[in-house]
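# Observations on chain architecture
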Amino acid sequence: MSDSNATISINSSDLVAAMPDPQGPAQPGDLNETLIATDIWTDQMVADAGIPIVDIPMVSIGGGIGSFELVDHLRIAGMSTNQLRVLTNLDVPWQTYEYLTRVSQVPRKERLRSDAQSMPDNIWGFPSFAFREAWTDKTLDPVWNVCTEPVLRDYYTPRAGYVFETMEREVHRISYLDMCVKGQVRMVRRRHGGGYFSILTPAQGTSATKRIAYRSTYVHISVGYPGVKFLPDLQEYRTKYDDYVRVVNAYEPHEQVYEELKRRPGLVLIRGGGIVASRVLQRLIDDRDAFGLQTQILHLFRTYITGSHGPNIFLRRPGGDGWAYQGFNWPKSTWGGRYKAQFEKLEGEDRKKLYEQLGGTNTPIRKNWMEQLARGRKEGWYRTYIGTVDSVVPGSDGTVVTKVKAKDGSILEVPAHFVIDCTGLEADIREHRLYADLFDHSGAQRNVLGRLDTERSFEVRGTQSAPGCMYAAGSMTLGNYFAGIDTFLGLQYAAVRIMDDLASRGFIKKMGPVRSATQWWKWARHKDLPK
Amino acid sequence: MIPVLLGRIQTRLLASFTVGLIWTIIITPFLYINQPGNQGYAFVLTIDTMGGENAILQTYKLTLAALAITALVGAFVWEPIYHFLMQFRWEKDWPAFFQLLEVVPEGLSTFLLLHVSGLNPFGDIGLDKEQYVPVLAYIFLFFTTWIAVWLFVNGPMKIFFVRWRFRGGRLI
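So, here is what we can say about the structure in this document.

The helix and strand tally for chain A stands at 17 helices and 22 strands. Taken over the C-alpha trace, chain A has a radius of gyration of 24 Å; the compact-globule value for 531 residues is 24 Å, and the two agree within 12%. Over its C-alpha atoms, taken along the principal directions, chain A stretches across nearly 70 × 60 × 45 Å. A total of 531 residues make up chain A; the buried ones form 57% of that total. In chain A, 69% of the contacts between residues at least 6 apart in sequence involve partners at least 24 apart. Treating the 66 positive side-chain charges of chain A as one cloud and the 61 negative ones as another, the clouds have centres 4 Å apart.

Here the focus is the packing of helix α12 (residues 338–345) of chain A against helix α13 (residues 348–358) of chain A. What describes two packed helices is the angle between their axes and the distance between those same axes. All names here are of chain A. Direction vectors running N to C along α12 and α13 enclose 150 degrees, while the axes themselves pass 9 Å from each other. As far as their axial angle goes, α13 and α12 are roughly antiparallel. In the packing of α12 onto α13, the handedness of the crossing is left-handed. Only R351, L354, Y355 and L358 of α13 make contact with α12, whose side of the interface consists of Y339, Q342 and F343. Each residue belonging to the contact of α12 with α13 can be placed in one class, and the counts come to five nonpolar, one polar and one charged.

Taken together, I313 and F314 of chain A together with F17, L72, F76, V77, I81, F84, L85 and F88 of chain B make up a surface patch of nonpolar side chains, about 910 Å² in accessible area. With six residues, helix α2 (residues 55–86) of chain B is the single largest residue contributor to the nonpolar patch. Its place among the elements puts F314 of chain A in the loop between β13 (296–301) and β14 (319–320). Given the relative accessible area of 34%, F314 of chain A is considered partly exposed.

It is worth spelling out the packing of helix α1 (residues 5–27) of chain B against helix α5 (residues 135–153) of chain B at this point. All names here are of chain B. Here α1 crosses α5 at 130 degrees, and the two axes come no closer than 9 Å. With respect to α5, the element α1 is oriented oblique. Note on packing geometry: the crossing formed by α1 with α5 is right-handed. On α5, the residues that touch T11, R12, A15, V19, G20, W23, T24 and I27 of α1 are F140, L141, T144, T145, W146, A148, V149, F152 and V153. The residue makeup of the contact of α1 with α5, split by class, is eleven nonpolar, five polar and one charged.

Here we take up the interface of chain B and chain A. Of the residues lining the interface, 28 residues belong to chain B; the matching set on chain A comes to 45 residues. Both sides of the chain B and chain A interface together cover about 3100 Å² of buried area, and 63% of this is carbon and sulfur. At the boundary of chain B and chain A, one finds one salt bridge. A salt bridge links R163 of chain B to D500 of chain A; the nearest nitrogen and oxygen atoms lie 2.6 Å apart. Inspection of the region where chain B meets chain A yields 17 residue pairs in polar contact (both at pLDDT 80 or more). The set of elements that each furnish at least two residues to the side of chain B that touches chain A consists of α3 (96–101) and α6 (157–160) of chain B.

This part covers the pattern of salt bridges. Pairing between side chains of opposite charge can happen when their charged atoms approach one another. All names here are of chain A. Following the criterion strictly, the structure yields 44 salt bridges over all chains and no others. Note that E371 and R375 form a salt bridge whose closest N and O atoms lie 2.8 Å from each other. With a gap of four residues between them, E371 and R375 both fall in helix α14 (residues 367–379), about one helical turn apart. Looking at R375, the relative accessible area reads 25%, which means it is partly exposed. In this structure, a network of salt bridges that share partners links the residues D43, D55, R191 and R215.

For the rest of this paragraph, the subject is the sheet that holds strand β11 (residues 247–249) of chain A. All names here are of chain A. Strand order in the open sheet made by the five strands is β11-β20-β12-β13-β16, with parallel pairing throughout. Taken across any chain shown, the strands that pair with only one partner, and hence form the sheet edges, are β11 and β16 (382–386). Averaged over all pairs of adjacent strands, the angle between strand axes in this sheet comes to 20 degrees, irrespective of strand direction. As paired strands, strand β12 (residues 267–271) and β13 are joined by five bridges and run parallel to one another. Among the inter-strand pairings, V268 is bridged to a residue of β13, identified as I297.

Time to look at the sheet that holds strand β17 (residues 388–394) of chain A. Residue and element names in this part refer to chain A. Pairing is antiparallel in the open sheet, where three strands are placed in the order β17-β18-β19. Pairing within the sheet leaves two strands with one partner each, and these edge strands are β17 and β19 (411–416). In this sheet, adjacent strand axes meet at a mean angle of 25 degrees when their direction is disregarded. Of the pairings in the sheet, the one linking β17 to strand β18 (residues 400–405) comprises six bridges and is antiparallel in character.

Rules and cut-offs
Residues numbered from 1 in each chain as written. Chains lettered and ligands numbered in written order. Predicted model: local features only at pLDDT ≥ 70, side-chain atom pairs only at ≥ 80, totals over all residues. Heavy atoms only, no water. Helix = DSSP H or I, 4+ residues; strand = E, 2+ residues; numbered from the N terminus. Rg over C-alpha atoms; globule rule 2.2 N^0.38 Å. Buried < 20%, exposed > 50% of the residue type's maximum accessible area, 1.4 Å probe, protein only. Contact = heavy atoms within 4.5 Å. Lys, Arg positive; Asp, Glu negative; His and termini not counted. Charge placed at Lys NZ, Arg CZ, Asp CG, Glu CD. Axes fitted to C-alpha atoms, helices over the stretch in contact; angles between N-to-C directions. Parallel < 35°, antiparallel > 145°, perpendicular 65-115°, else oblique. Left-handed = near helix turned anticlockwise from the far one by under 90°. Nonpolar A, V, L, I, M, F, W, Y, C, P; charged D, E, K, R; others polar. Patch = residues over 30% accessible without salt bridge, like charges linked within 9 Å, V, L, I, M, F, W, Y side chains within 5 Å. Areas by Shrake-Rupley, 256 points an atom, 1.4 Å probe, with all protein chains shown as cover. Salt bridge = Lys/Arg side-chain N within 4 Å of Asp/Glu carboxyl O. Buried area = accessible area lost by both parts, 1.4 Å probe. Polar contact = N/O pair within 3.5 Å; in protein donor to acceptor, adjacent residues only side chain to side chain. Pairing = 2+ DSSP bridges.

Put into structure tokens, the structure is as follows:
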């Protein structure tokens, strides 16, 4: 089984699958052997290949929420739309995000796991989603919630749909879509004489040539996950027995599981102890309650947490009933307090150690989830198992049998009609061709967690091409000096740092308190920014 | 904003001496206090003299002393205590709710400190009102100022300082 077979690609855009490398007879304006083999390209080499060159001071590759955040900051700082192009295969920045949240059981009406002040459409964090929801829905409840959380209430979190709608408004306000160019970026190479070439494969039929080269001083890369990885034992089962129906990953569409359970009662095995497991459990139990189903839920924990845990009184995370509890995906101070300062200082192994100390699978405390599971335990339709998986094999009566190895070495056979993998393993960064190319040809390196190494300013180490430079943000830069990077607020932080770095290089003016406040006032009145 | 110690101190000082100061200046003339002599309660605005001095000026001395004590003692005594307590929290955060509850210990500490002769500017309005703190007016002043500062720090402050929330409340 190769690694690439274990990766579920995120098909949020039709373009992802539709654009393989061109095969067969050479087409005009394509990459040639010389270009592919050469690390640093001259203008002449690109011209010789017949690839048209587009000049633009900066490109942002990805076009997801990471690109959108950077563009939002730069536009607010005063950059005009003709200074930057977003090279993307997405129609809107939240496309992949919405796809992943939807299939993992957070449809638009459900709430995300995100703080009230982490607002992708608002770089300031004020007024928070709680206040805005209070205003639109004419209720004080969200305000009372944020004023008393997390003591009297669980953390307030915004509805997914509201986040997308507000982002959509900001997309139009800053003329974001005018800056987007549709296509897939194949590679970024340094340019002789400074700056970079980003090679775009445009959508079919939109260009006379197979490729277009964007020649820019600055490059920003924020392409997100290369894919979600399946647990090896489940992948082995799927490939060996060609069963993609009963063994599914929570990050791929698996609505058929819930539909089938409505038709006949069944056993479902959940693997994983994180937020996605919580979500899937909620869906199963909601369905159970709403349609009077007899679904039996089996939940397998590799590590079962019984209570507060940690090495000492200053490092103890709450937990219970198998779960580790935490409001958000990192401890809150990772975005701006003590842990942020600590991550920023630490190098190498010390930083890795802190990642290990604060990381680990966890889920937020939510009263309705606790109630549902307590009811399930009491009534006997929710049962937990602890152990590692030895193997997964087909069983009788259309079941899948998971052989669970307990700590004492004994093997327990757990049959289920469906297995849902909620572990959310991420695929290796090299699975993305763009990153693989950066490692092989542009001097990029891996960080302590094996992902893309960046400076504190989010500049990609080793890829400088003076006077230009390359930045990266998002999940594939986890392991650097800022842990909360794969979050709304983390992407905003990266955008602030990149914006400031670009200001120090003279690309834009530095945003001070006056510009910040006047721009906020424009934002508050939905005033479009000048193009 | 999830604070670091230096951020707590800087934010406290800035917010106290901007929003806190403005609110104190606005509200002081309207405080309802027990004036010297036996005329009973009156708005500061309507009191003629206190120990032969302008009553408004005298009251400003008291309210500004309260503000300065809260800002400085808060920044250099209370904030380090909160910071220490915060270390017991897994998240190393300090929810807005806690910040609101700080009003209780700090209201008391400032009240007590105002009874220390060197710190209370009312010493000069006559023997019967020496180190005098009108309790109800004080509670009203302290609570409203606290709310104003708390609201500012948890909200509009970010409009001006876009990097502040990522820097643990540090401005410099």
